[in-house]
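Fold and geometry: a report
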Amino acid sequence: MRDNNNFFVLGAVVGFVCICAYSLGLTAPLFFDDVPNLTANHFLQIDGKDFDDWRVAVLSSDSGLLHRPVAMFTFAVNFVAARDFSPASLKVVNLVIHLLIAVFIYFFCRAVLRTPALKDLRLGAHQCRVVAIIAASIWLLHPLHVSTVLYAIQRMAQLSTLFIIAGLLLFVRYRLRWAESGASIGELVAAGLWLVLLGALAVLSKENGALLPWLVAVVEVTLFRGIWCGSPSRRLVWLGWGFLALPIVLITVVFLVSPETISGRFAGREFSLEERLLTQGRVLWRYLGWILLPNIIDMGFFHDDIPLSRDLWTLYTTALSLLAWVGT
């Protein structure tokens, strides 16, 4: 009990430090996409008394294919509660979501450290808590998240992350029990319905929430390895790998049947789909560098100085970066 209390106090201290750090920017003005999506979006600025106003508000975003209604609903609630889109009222909610994600990360890390693939580490309960609190603290205090928490419209990305982490935590908690004693049909259905619900909430917050099923498959393949009732199941392993391959197959089919569905979204941009994908290999290494060695000067909103990869060879780092990712 004393050990739990110590970790609670430590977590509270880290959370307090996070709140103090972000409080410096809570009243900073809204900018960029905040304006067209929030302050200039009169459909969001409702009194909350008419149901149809809510319906129009949650579908008032032009971002994404699905209009991100879950995120827009929270912005509408924000306006109804504060009677205004003040920077503080919006960013405080973002900060609360940031803290809540850290809580989920803490419990997710503790659950992950109990999976079959990591049993050889033989970590005790105390050590698992230490690793989990470090992971949650890194999430809370990493400078890379400043532009998400203090950029109001990025709540869309925050909510998507929140529901993805919640879905992964749910899956791992269920799966730990199934790895030891299996599951009834009712339990499988219940877990499936919860994952569908959390996945839908993630996608309707921001479309990258569609990664949840793929991430579940990654967890299954890498951490549980088909273990069911204490024994490996080859059928479950192949099912996991099948789910991993499914998004690639679907994207390939869409590209072959209706290529304009994907490439058409780049018609108004200064780069093509192929150039975006080639450049992304280099940009991802840059992100990794920011995670390991944060550089506040380099973490701005404008990155127009990044040259496009027109092909594999004009910039030698393009081929090298892609090969490095394949190698990892």
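Only a predicted model underlies this, so the values are computations on that prediction, with no experimental measurement involved.

So, about the overall build of the chain. When helices and strands are counted, the chain shows 14 helices and two strands. Radius of gyration (C-alpha) of the chain: 22 Å, near the 20 Å computed for a compact globule of 328 residues. Along the first, second and third principal axes, the C-alpha set of the chain runs to 55 × 55 × 45 Å. Split into buried and exposed, the 328 residues of the chain put 37% on the buried side. In the chain, 72% of the contacts between residues at least 6 apart in sequence involve partners at least 24 apart. Averaging the locations of the 25 positively and 22 negatively charged side chains of the chain gives two centres separated by 12 Å.

Residue position: R175 is located in helix α8 (residues 155–181). Looking at R175, the relative accessible area reads 1%, which means it is buried. Polar contacts involving the side chain of R175 include one to the side chain of E220, which spans 2.7 Å. Not counting chain neighbours up to four residues away, the residues in contact with R175 comprise E220, F224, G226, I227, W228 and L236.

So, on to the pattern of salt bridges. Enumeration according to the criterion identifies five salt bridges in this entry. One salt bridge connects R68 with E207, and the closest N-O pair in it is separated by 2.8 Å. Within this pair, whereas R68 is found in the loop between α3 (51–58) and α4 (69–82), its partner E207 is found in the loop between α9 (185–203) and α10 (211–224), the two being separated by 139 residues in sequence. On the accessibility criterion, R68 (14% relative accessible area) is buried. Among the ionic pairs, E187 bridges to R177, the shortest N-O distance being 2.6 Å. Residue E187 is located in helix α9, and its partner R177 is located in helix α8; the two are separated by ten residues in the primary sequence.

By the element assignment, A81 lies in helix α4. Relative accessible area serves as the criterion here: at 68%, A81 is assigned to the exposed category. Here the alpha-carbon distance between A81 and F31, two residues 50 residues apart in the chain, equals 21 Å.

Each packed pair of helices is defined by two parameters, the angle between the axes and the distance between the axes. Packing of α10 against helix α11 (residues 234–257) brings their axes to within 9 Å, and their N-to-C directions diverge by 145°. Note that α10 runs across α11; the crossing there is left-handed. Between α10, through W214, A217, V218, E220 and V221, and α11, the contact on the second element is made entirely by L236, G240, W241, F243, L244 and P247.

Moving on to the nonpolar core. Formed by 66 residues in total, the largest nonpolar core has its most connected members in L38, L44, F75, V172 and F224. No other element matches α8, which puts 16 residues into this core. When sequence neighbours within four positions are dropped, the list of residues in contact with F75 reads L38, L44, F85, L90, A152, I153 and R155.

Between its first and last C-alpha, α4 extends 20 Å over 14 residues, near the 20 Å set by a 1.5 Å rise per residue. When α4 is considered as a whole, its buried residues turn out to be P69, V70, A71, M72, F75, A76, N78 and F79. Those residues of α4 hidden inside the fold are in contact with α2 (34–39), α3, α5 (87–112), α8 and α9.

The next thing to look at is the packing of aromatic side chains. Here the distance between the centres and the angle between the planes together describe a pair of aromatic rings. Going through the model one piece at a time under the given rule, you end up with eleven aromatic pairs. Each ring, one from F31 and one from Y151, has its centre 5.3 Å from the other, and the planes form 5°; the classification is stacked. Pair noted here: F31 is in the loop between α1 (2–23) and α2 and Y151 is in the loop between α7 (146–149) and α8, with a separation of 120 residues, a long-range link. Since its relative accessible area comes to 7%, Y151 is described here as buried. On the basis of an interplanar angle of 75° and a centroid distance of 6.4 Å, the ring pair of F32 and Y151 is categorised as edge-to-face. Of the two residues, F32 sits in the loop between α1 and α2 while Y151 sits in the loop between α7 and α8, which places them 119 residues apart along the sequence. Each member of the aromatic cluster is reached from another via a ring pair, and the members are F31, F32 and Y151.

Here we take up a nonpolar patch on the surface. A cluster of nonpolar side chains, namely L284, Y287, L288, I291, L292, L293 and W325, defines an oily patch on the protein surface of about 670 Å² accessible area. Ranked by residues supplied to the nonpolar patch, first place goes to helix α13 (residues 273–292) with five residues. Within the element layout of this structure, L284 appears in helix α13. On the accessibility criterion, L284 (37% relative accessible area) is partly exposed.

Reading the values: rules and limits
Every chain is numbered on its own, with residues counted from 1 as its sequence reads. Given that the model is predicted, a residue must reach a pLDDT of at least 70 before its local features are reported, and side-chain atom pairs must reach 80 or more before they are shown or counted; all residues, however, enter totals for whole chains, interfaces and linings. Computation of side-chain values: all heavy atoms of the structure, hydrogens and water removed. Going along the chain from the N terminus, every DSSP run of H or I of four or more residues is numbered as a helix, and every run of E of two or more is numbered as a strand. Note that the radius of gyration is over C-alpha atoms, with the globule rule given as 2.2 Å times the number of residues to the power 0.38. The rule is simple: take the accessible area with a 1.4 Å probe, protein chains only, and divide by the maximum for that residue type; under 20% is buried, over 50% is exposed, in between is partly exposed. Whether two residues touch is decided by their heavy atoms; if any such pair falls within 4.5 Å, the residues are in contact. His is not counted, nor are the chain ends, whereas Lys and Arg count as positive and Asp and Glu as negative. All charge positions are set by atom: Lys at NZ, Arg at CZ, Asp at CG, Glu at CD. Pairing of N or O atoms within 3.5 Å defines a polar contact, subject to two protein rules: one partner must be a possible hydrogen donor and the other a possible acceptor, and residues neighboring in sequence count only if both atoms are side-chain atoms. Salt bridge criterion: a side-chain nitrogen from Lys or Arg within 4 Å of a carboxyl oxygen from Asp or Glu. Every axis corresponds to a line fitted to the C-alpha atoms, with the helix fit spanning only the stretch in contact, and the corresponding angles, defined between N-to-C directions, vary from 0 to 180 degrees. Here is the rule for handedness: rotate from the far helix to the near one, and if that takes an anticlockwise turn smaller than a right angle the crossing is left-handed, while a clockwise turn gives right-handed. Each nonpolar core is a collection of buried residues, namely Ala, Val, Leu, Ile, Met, Phe, Trp, Tyr and Cys, held together in the definition by side-chain atoms within 4.5 Å. Multiplying 1.5 Å by the helix residue count minus one yields the expected span of that helix. Pairs were defined over the aromatic rings of Phe, Tyr and Trp, the Trp ring being its six-membered one, requiring ring centres within 6.5 Å. Orientation was assigned from the angle between planes: stacked under 30 degrees, edge-to-face over 60, tilted for the rest. Put simply, a patch holds well-exposed residues, over 30% relative accessible area, that have no salt bridge, with like charges counted together within 9 Å and Val, Leu, Ile, Met, Phe, Trp or Tyr side chains within 5 Å. Surface accessibility follows the Shrake-Rupley procedure with a 1.4 Å probe radius. Residue values consider only the protein chains on display as shielding.

So yeah, pure geometry; function would need other evidence.
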